[in-house]
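Understanding the architecture of this molecule
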Amino acid sequence: MSKYSVQVRERRAAETQRMREIQDAWMRSLSPDVAESFTQSVKAARARGPEPRKPDMAPGTAPRPPRPGHEPRPPKEQARPRGRS
């Protein structure tokens, strides 16, 4: 576990407080109907949760099956047990 100095913790707390002040001021600057619609859209987005992870592929490529003759090999089966029993 890493420990942070008192100055770092105080700076982060001050940054967090300042961000809250900025967000509150921005919400107050909006008209009530716009602020309400924004709040509803944020709630809906949080309720949806994160998007499912996309496959790790190059952009623009479609998932394709392997070419004929290039399929992965099946696992080897033991022809006979090893050692004595």
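What this report covers is the structure whose coordinates are included nearby.

So, how was this worked out
Residues numbered from 1 in each chain as written. Predicted model: local features only at pLDDT ≥ 70, side-chain atom pairs only at ≥ 80, totals over all residues. Heavy atoms only, no water. Helix = DSSP H or I, 4+ residues; strand = E, 2+ residues; numbered from the N terminus. Rg over C-alpha atoms; globule rule 2.2 N^0.38 Å. Areas by Shrake-Rupley, 256 points an atom, 1.4 Å probe, with all protein chains shown as cover. Lys, Arg positive; Asp, Glu negative; His and termini not counted. Charge placed at Lys NZ, Arg CZ, Asp CG, Glu CD. Phe/Tyr/Trp six-rings, centres within 6.5 Å; stacked < 30°, edge-to-face > 60°. Buried < 20%, exposed > 50% of the residue type's maximum accessible area, 1.4 Å probe, protein only. Salt bridge = Lys/Arg side-chain N within 4 Å of Asp/Glu carboxyl O. Expected span 1.5 Å × (residues − 1).

With that out of the way, let us pick up the overall build of the chain. When helices and strands are tallied, the chain shows two helices and zero strands. The globule rule puts the C-alpha radius of gyration for 85 residues at 12 Å, and the 28 Å found for the chain is more than 25% above it. With the C-alpha coordinates of the chain rotated into their principal frame, the extents come out at 75 × 40 × 25 Å. With the model as given, the accessible surface of the chain reaches about 9200 Å², and the carbon-plus-sulfur share is 55%. With 19 positive and 10 negative side-chain charges, the chain shows a spacing of 13 Å between the two charge centroids.

Let's shift gears to the packing of aromatic side chains. In this structure the tally under the stated criterion is one aromatic pair. Between the aromatic rings of Trp26 and Phe38, the centroid separation amounts to 5.2 Å while the plane-to-plane angle is 80°, which identifies the pairing as edge-to-face. Pair noted here: Trp26 is in helix 1 (residues 6-29) and Phe38 is in helix 2 (residues 32-48), with a separation of 12 residues, a long-range link. What makes Trp26 partly exposed here is its relative accessible area of 42%.

The final tally for this structure, using the stated rule, is two salt bridges. One salt bridge in this structure joins Glu21 and Arg18, with 3.4 Å as the shortest N-O distance. In this pair, Glu21 and Arg18 are both assigned in helix 1, three residues apart and thus about one turn of the helix distant. Overall, Arg18 belongs to the partly exposed group, its relative accessible area being 49%.

Turning our eyes to something else, we now look at helix 2. Compared with the 24 Å implied by 1.5 Å per residue over 17 residues, the 24 Å span of helix 2 between its first and last C-alpha is a close match. Following helix 2 by one or two positions, Gly49 has its phi on the positive side, about 85°.

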